[in-house]
Amino acid sequence: MYELEIALVLVVVFAVIVILLKMSFKKVNQYEKGLVERFNAYAKTVEPGLRIIVPFVERLYRVNMREQVIDVPPQEIITEDNVVVTIDAVIYYQVVDARRALYEIEDFELAIVKLAQTTLRNIVGEMSLDVALTSREKINVDLRSVLDHATDKWGTKVNRIELQRIDPPQDIQTAMHKQKTAEQERRQLRLLATGRKEAAEQEKQAAILKAQGEKQSSILNAEGQARSVELIADAQAKAIKLVSESANQYFRDNAQLNKKLDVIRDTFSQQTKVIVPSNADVLNVLGLEGTSVLPVKTTEKQSDNKQ
C-alpha cells in the first residue's frame, strides 16, 4: 500500500513537471513578435523562436507583424448633389510596433473599419456624383492619409486603401448606361462620318491628281503637235523659199534670154547678116548648141534692088 502511494505521488509530480515545462516553453513564429507580461505588467518584447517564461508569473502574447487586409463593409453615402451611392473598400495595414498595437487599442480591426467608414462619408459627401465616380485615386489617397495619421499612435501603418466599387442608385445606373450607349453610337457615327469624309477627300485628291495628269498630258500633246506643226511649217517655208528662189532665178534668166531674142529679132529685121557667137544663149534656145554657124548673107528685098 505504501509503495502504491509513492508511485501515485511520483506520477502526479511528473505530470506537474510536464505541465510546468509545457507552460514554460513558448514558440514565437517567424512572422510574429512576443510580448512578455510579468504580474500583468509589460516586461519585455521577444523575437521569434523558442522562449521560456515563468509559469503563473509571466504570460506571452503573440503579435502578427505581417501585412493584413480588412474588408470595409459596404455603406450608403450621400454625395454633395444628394445622390445615394454605395461604397465599400479594403484596407491593407501592417503592425510596426507590437507593444503599442497591443496596449494602445483594444480592437484594432473594428476601430480602423469604423474610422474608414466615417472618413469615407466625409470625403465623398463633399463631392458630386460625377466627381466621385471619376476620383477613385483621390479618394484612396485622402482616405489613406487620414487613416495612416490616426493609426500611427496604435503602432500600425496603413499601406494602401482600394475602393472596390462605387455604385449609384439603379435608376441612375440605367440612365448612365443609356448615356454611355448613346455616346458610343454618336462616336461611331462620328468616326463613320470622318471615314467617309476622308474617303471623299482621298477621291477628291485622286480626281485632282488625275485631272492634273490629264491636263499635263494634254499640254504636252499640244506642245508636241505645235512643235510638229512648226517643224512642218518651217520645212514647207524652206521648200517654198527654195522653189521661189529657183523660180526667180529661172524666170530671170529666161527673161534675160527673151530680151536678147527681142534684140536679135530687131537686129535681123534691120541688117542683112548677123554673127552669132558659138557659145551664145540663143543657140540653146534655137537648139543649135554645138553646131557651126557661118555668116549668112541675106539679101534684103532683092526685087526692090533689081528695080
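Because the structure is predicted, anything quoted here is derived from the model rather than measured.

Thresholds applied
- Residues numbered from 1 in each chain as written.
- Predicted model: local features only at pLDDT ≥ 70, side-chain atom pairs only at ≥ 80, totals over all residues.
- Heavy atoms only, no water.
- Helix = DSSP H or I, 4+ residues; strand = E, 2+ residues; numbered from the N terminus.
- Expected span 1.5 Å × (residues − 1).
- Contact = heavy atoms within 4.5 Å.
- Buried < 20%, exposed > 50% of the residue type's maximum accessible area, 1.4 Å probe, protein only.
- Arc of directions from axis to C-beta.
- Core = buried A, V, L, I, M, F, W, Y, C linked by side-chain atoms within 4.5 Å.
- Polar contact = N/O pair within 3.5 Å; in protein donor to acceptor, adjacent residues only side chain to side chain.
- Pairing = 2+ DSSP bridges.

Visitor: For this particular structure, what's the right way to read helix α3 (residues 108-125)?
Guide: Helical geometry: 3.6 residues make up each α-helical turn, so side chains three or four residues apart lie on a common side. Its 18 residues give α3 an end-to-end C-alpha distance of 25 Å, which sits within 8% of 26 Å, the value for a rise of 1.5 Å per residue. On its buried face, α3 sits against β6 (67-78), β7 (84-95), α4 (129-133), α5 (136-151) and β8 (156-167).

Visitor: Is there a simple way to explain α5 in this structure?
Guide: When the terminal C-alpha atoms of α5 are compared, their 22 Å separation across 16 residues agrees well with the 22 Å that a helix rising 1.5 Å per residue should span. Among all positions in α5, only Ile-139, Asn-140, Leu-143, Leu-147, Asp-148 and Thr-151 are buried. One side of α5 holds all its buried residues, which, seen down the axis, span an arc of 150 degrees. Those residues of α5 that are buried lie in contact with β7, α3, α4 and β8.

Visitor: Even after reading the chapter, I still don't get the nonpolar core, so can you show me in this structure?
Guide: A general trend in soluble globular proteins is that nonpolar side chains are found buried together. Val-85, Ile-87, Ile-91, Leu-120, Val-124 and Ile-139 are the most contacted members of the largest nonpolar core, which has 34 residues in total. Of all the secondary structure elements, the ones that give two or more residues to this core are β6, β7, α2 (98-103), α3, α4, α5 and β8. Not counting the four nearest positions on each side in its chain, Ile-139 is found in contact with Leu-120, Ile-123, Val-124, Met-127, Ala-132, Leu-163 and Ile-166.

Visitor: I keep staring at the side chain of Gln-75 and nothing clicks. Help me out?
Guide: Following the sequence through the fold, Gln-75 ends up in strand β6. Engagement of the side chain of Gln-75 in a polar contact is seen with the backbone oxygen of Gln-117, the distance being 3.1 Å.

Visitor: Would you explain unusual backbone geometry in this entry?
Guide: Both trends apply: most residues other than glycine have a negative phi, and most peptide bonds are in trans. Although it is not a glycine, Phe-56 adopts a positive phi angle of roughly 65 degrees. With respect to the secondary-structure elements, Phe-56 resides in the loop between β4 (49-52) and β5 (58-64). Given the relative accessible area of 71%, Phe-56 is considered exposed. In the Ramachandran plot, Asn-82 falls in the positive-phi region, its phi being about 60 degrees despite a non-glycine side chain. Mapping Asn-82 onto the fold places it in the loop between β6 and β7.

Visitor: What's the story with the pairing of β7 in this structure? I'm lost.
Guide: Strand residues, when the strand is regular, have side chains that alternate between the two faces of the sheet. In terms of burial, β7 is largely enclosed, as nine of its twelve residues are buried. The sheet contact formed by β6 and β7 spans ten bridges and is antiparallel. Paired with Val-72 across the strands is Ala-89, a residue of β7. Connecting the antiparallel pair β6 and β7 is a turn made up of five residues, with Asn-82 showing a positive phi of about 60 degrees. Of the pairings in the sheet, the one linking β7 to β8 comprises ten bridges and is antiparallel in character. Bridge pairing links Ile-87 to Ile-166 in β8.

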